Amino acid sequence: MKILGSEITPYSTYLNRRKFIKGTFATAVATTISSNVFANHETSPDIYNKYLGENDTINSYEEITTYNNFYEFGTHKKHPSLNSGNFNPNPWSIKLEGLINNPQTIDLEKLLSKVTIEDRVYRLRCVEAWSMVIPWQGFQLSELIKIADPLSSAKYIQFVTVLRPEEMPGQQKRTIIWPYREGLRMDEAMNSLTILATGLYGHKMPNQNGAPIRLVVPWKYGFKSIKSIVAIRFLNEQPETSWETLAPWEYGFYANVNPSVDHPRWSQSTERRIGEFKRRETLMFNGYEEEVAHLYKDLDMTKFY
Amino acid sequence: MFSTKNFNRSKPYIFLLLLFPSLLWILQFITGNLGVNPIERIMDEFGLMALRLIILTLAITTLANIKKLKSIVLFRRMIGLFAFYYVTLHFSTYIFLDHFLDINFIFKDIIKRPFITFGFISFLCLIPLALTSTNQMVKRLGFKVWKKIHYLIYPAVILSSFHFYMLVRADKTEPMIYMGIIVLLLLQRIAKKLNLLQLNQ
């Protein structure tokens, strides 16, 4: 079998392309790790401690990779880790299309050579009221948007997951209308917190977490963070998204983490942090209020949940 | 093989068989072997077991119509009580482990969320069944009254299947299977009733 470049690009190479982020975030920070520590982060999670909020501890690699919602591999939390072994994310390319000056199908490896990979330690809050703290590696979505060079008429972005029922057993069942689709408003997509992640704990993105490239939008419920992306479309109107299509009274386009707007079937005011015994209070915008609240100052969030 | 004597003799084994899963889950919970979200997991396991056992008690009544299997009715009370045992564990997990006795929150949760309301009512329905399960109680109440009380199994089984159905986010196959079985068991009862009516005419 031919070994593709994307398979053997080590993290140290990514690191050489890395530059530091200028602004500091209250809780999520990009950063400065010397290149040799990338080898096996899961055994030394302490290296991420400096990016953690004071009330957070990082979740273990095992927790992050065995408790997943990724219905393409089955609907139980354990299914993605058990059923994703046959998924082959190499080679990979992403189609950029719609209202842009540079429509193209870009090879992932080529894309990675044009962007800056950073560490981002984020809280992830699932709409099901559990949460984790995850050390991602990725790059700001805004960098990819610059490559696509959108027209001024592009107000929204839609993301599409790969459709491979032969490798993704969950797609053989019609639980969701495949392929999975998600979307963001352009200003949300351009926000510096929004990243496309290609790794976690210093490893290539595991299949069950959305290999080889996934979205991470830390102030929104986890289902917005679409996995295994193959297409990114620039649109002039709000795109349909999978969960909103399936149950619009339960899941909205915005899906901002909001303790005061409950899911119809359960409260969103508290959450269980994986690894903790007692529930904790859910924070507005998952604790990223400072960075994103301004995006929604004119939005009625009880209506646009 | 299907004699009453044999059934009675196997009771202790069935008792242990039904008790075993709870002990296993509790042990796994304590030793940290229930995955990364053990509270959710143990609550789900207890709840699902309870639903299965409730359905099983209904199925036993149906199967006991078959002459050869008549004696399985001897297991019904024990299985019913185990259903109550698992419901109680399920409910206690919700109260103590999931919400840490936050009565205010739990009260609002029960009122506001239909799926929790359904589960809670189902639990309430099962309490009188458990309390009146002894032979002595049957005698004291009279069989007619006792039987009436035990009709509560029907709202209990229907509500608990809805409780499960509403909890699932996308793939409703499993709750639908349980609902299908419940519908069949209820239809059998209706058919039997109609038959009896016809015979009486």
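Residues numbered from 1 in each chain as written. Chains lettered and ligands numbered in written order. Predicted model: local features only at pLDDT ≥ 70, side-chain atom pairs only at ≥ 80, totals over all residues. Heavy atoms only, no water.

**A word on the overall build of chain B**
And step 1. Looking only at helices and strands, one finds nine helices and zero strands in chain B.
And step 2. What you see in chain B, going N to C, is helices and strands ordered as α-α-α-α-α-α-α-α-α.
And step 3. Compactness check: chain B gives a C-alpha radius of gyration of 18 Å against a globular reference of 17 Å for 201 residues, within 12% of the reference.
And step 4. Referenced to the eigenvectors of the C-alpha coordinate spread, the extents of chain B come out at roughly 55 × 40 × 35 Å. (Helix = DSSP H or I, 4+ residues; strand = E, 2+ residues; numbered from the N terminus. Rg over C-alpha atoms; globule rule 2.2 N^0.38 Å.)

**Some words on the overall build of chain A**
And step 1. Helix and strand content of chain A: nine helices and 12 strands.
And step 2. A burial count over chain A gives 60% of its 305 residues as buried.
And step 3. Taking as baseline every contact in chain A between residues at least 6 positions apart, the subset at least 24 positions apart corresponds to 71%.
And step 4. Accessible surface, chain A: about 12,600 Å² in total, of which carbon and sulfur atoms supply 52%. (Buried < 20%, exposed > 50% of the residue type's maximum accessible area, 1.4 Å probe, protein only. Contact = heavy atoms within 4.5 Å. Areas by Shrake-Rupley, 256 points an atom, 1.4 Å probe, with all protein chains shown as cover.)

**Describing the environment of I95(B)**
All names here are of chain B.
And step 1. Locating I95 in the fold gives a position in helix α3 (residues 76-98).
And step 2. A residue is classified by how much of its surface remains accessible, and I95, at 11% relative accessible area, is buried.
And step 3. Linking I95 and R76, residues 19 residues apart in sequence, is a C-alpha distance of 28 Å.
And step 4. Among all residues touching I95, those that are not within four sequence positions of it are F100, L101 and I106.

**Quick word on the interface of chain B and chain A**
And step 1. Across the contact, 22 residues belong to chain B and 28 residues belong to chain A.
And step 2. With both sides pooled, the region where chain B packs onto chain A buries about 2,100 Å², and carbon together with sulfur makes up 54% of that total.
And step 3. Summed over the three residues of chain B that lose the most area to chain A, namely V36(B), R113(B) and R169(B), the buried surface amounts to 37% of that side.
And step 4. The interface formed by chain B and chain A includes six salt bridges.
And step 5. For D171(B), the salt bridge goes to K173(A), with nearest N and O atoms at 2.7 Å.
And step 6. Connecting chain B to chain A are 15 residue pairs in polar contact (both at pLDDT 80 or more).
And step 7. Considered class by class, the residues forming the side of chain B that touches chain A number 12 nonpolar, three polar and seven charged. (Buried area = accessible area lost by both parts, 1.4 Å probe. Salt bridge = Lys/Arg side-chain N within 4 Å of Asp/Glu carboxyl O. Polar contact = N/O pair within 3.5 Å; in protein donor to acceptor, adjacent residues only side chain to side chain. Nonpolar A, V, L, I, M, F, W, Y, C, P; charged D, E, K, R; others polar.)

**Focus: unusual backbone geometry**
Residues and elements named next belong to chain A.
And step 1. Following N90, the chain continues to P91 via a peptide bond in cis, the omega torsion being -5 degrees.
And step 2. Within the secondary structure, P91 is located in the loop between α4 (79-83) and β1 (93-98).
And step 3. The amide bond that connects W178 to the next residue, P179, takes the cis arrangement and shows omega of -5 degrees.
And step 4. For P179, the location among the structural elements is in the loop between β5 (156-161) and β6 (181-185).

**A short note on the nonpolar core**
A general tendency of soluble globular proteins is for nonpolar side chains to be buried together.
And step 1. In terms of nonpolar packing, the biggest core is built from 88 residues, with L111(A) and W136(A) touching the most fellow members.
And step 2. The dominant element in this core, judged by the number of residues it contributes, is strand β4 (residues 130-140) of chain A, at six residues.
And step 3. With residues near it in sequence (within four places) discarded, W136(A) still touches E118(A), D119(A), R120(A), Y122(A), L124(A), I195(A), A197(A), G199(A), L200(A), M205(A), R214(A) and V216(A).
And step 4. With 40 residues, the next largest nonpolar core counts L18(B), L53(B), F82(B) and F123(B) among its residues. (Core = buried A, V, L, I, M, F, W, Y, C linked by side-chain atoms within 4.5 Å.)

**Side note on the side chain of S131(A)**
Residue and element names in this part refer to chain A.
And step 1. For S131, the position within the fold is in strand β4.
And step 2. Note on S131: relative accessible area 0%, which makes it buried.
And step 3. In terms of polar contacts, S131 uses its side chain to reach the side chain of R273, at 2.8 Å.
And step 4. Every residue in contact with S131, bar those within four places of it in the chain, is listed here: L124, R125, E271, R272, R273 and I274.

**Notes on the packing of helix α2 (residues 38-63) of chain B against α3(B)**
All names here are of chain B.
And step 1. Between α2 and α3, the least distance of the axes is 8 Å, while the angle of their chain directions is 155 degrees. As judged from the angle between their axes, α2 and α3 are roughly antiparallel. Our pair here, α2 against α3, has a crossing hand that is left-handed.
And step 2. When its residues are assigned to classes, the contact of α2 with α3 shows 18 nonpolar, six polar and two charged. (Axes fitted to C-alpha atoms, helices over the stretch in contact; angles between N-to-C directions. Parallel < 35°, antiparallel > 145°, perpendicular 65-115°, else oblique. Left-handed = near helix turned anticlockwise from the far one by under 90°.)

**Observations regarding the pairing of strand β10 (residues 229-235) of chain A**
And step 1. One ladder, built from four bridges, connects β1(A) with β10(A); its direction is parallel. The residue bridging E97(A) from the neighbouring strand is R233(A), located in β10(A). (Pairing = 2+ DSSP bridges.)

**Description of the pairing of β1(A)**
Residues and elements named next belong to chain A.
And step 1. Examined bridge by bridge, β1 and strand β2 (residues 104-107) share four bridges and lie antiparallel to one another. Counterpart to K95 in the pairing with β2 is T105.
And step 2. Connecting β1 to the antiparallel partner β2 that follows it, the hairpin turn spans five residues.

**Observations regarding the environment of S81(A)**
Residues and elements named next belong to chain A.
And step 1. By the secondary structure assignment, S81 is in helix α4.
And step 2. On a C-alpha basis, the gap between S81 and E244 in space is 26 Å, while along the polypeptide they are 163 residues apart.
And step 3. Every residue in contact with S81, bar those within four places of it in the chain, is listed here: T65, T66 and Q208.

**A word on the packing of α3(B) against helix α5 (residues 114-131) of chain B**
Residues and elements named next belong to chain B.
And step 1. Their axes nearest at 10 Å, the elements α3 and α5 cross at an angle of 140 degrees. The orientation of α3 relative to α5 falls into the category oblique. In this structure, α3 crosses over α5, and the sense of that crossing is left-handed. Across from L81, F84, V87, T88, F91 and Y94 in α3, the residues of α5 making contact are I116, F120, F123, L126, I127 and A130.
And step 2. Along the lines of polarity and charge, the residues of the contact of α3 with α5 split into 11 nonpolar, one polar and no charged.

**Topic: the sheet that holds β6(A)**
All names here are of chain A.
And step 1. On the basis of which strands lie adjacent, the open sheet formed by five strands has the order β2-β1-β10-β5-β6 and mixed pairing. This sheet does not close on itself; its edge strands, each paired only once, are β2 and β6. The sheet shows a mean angle of 20 degrees between the axes of neighbouring strands, direction not considered.
And step 2. Note: β5 against β10, six bridges, orientation antiparallel. Looking across to β10, one finds that Q158 is bridged to R233.
And step 3. Each of β1, β2, β5, β6 and β10 is contacted by helix α6 (residues 141-148), which is oriented at about 65 degrees to β10, the strand it contacts most.

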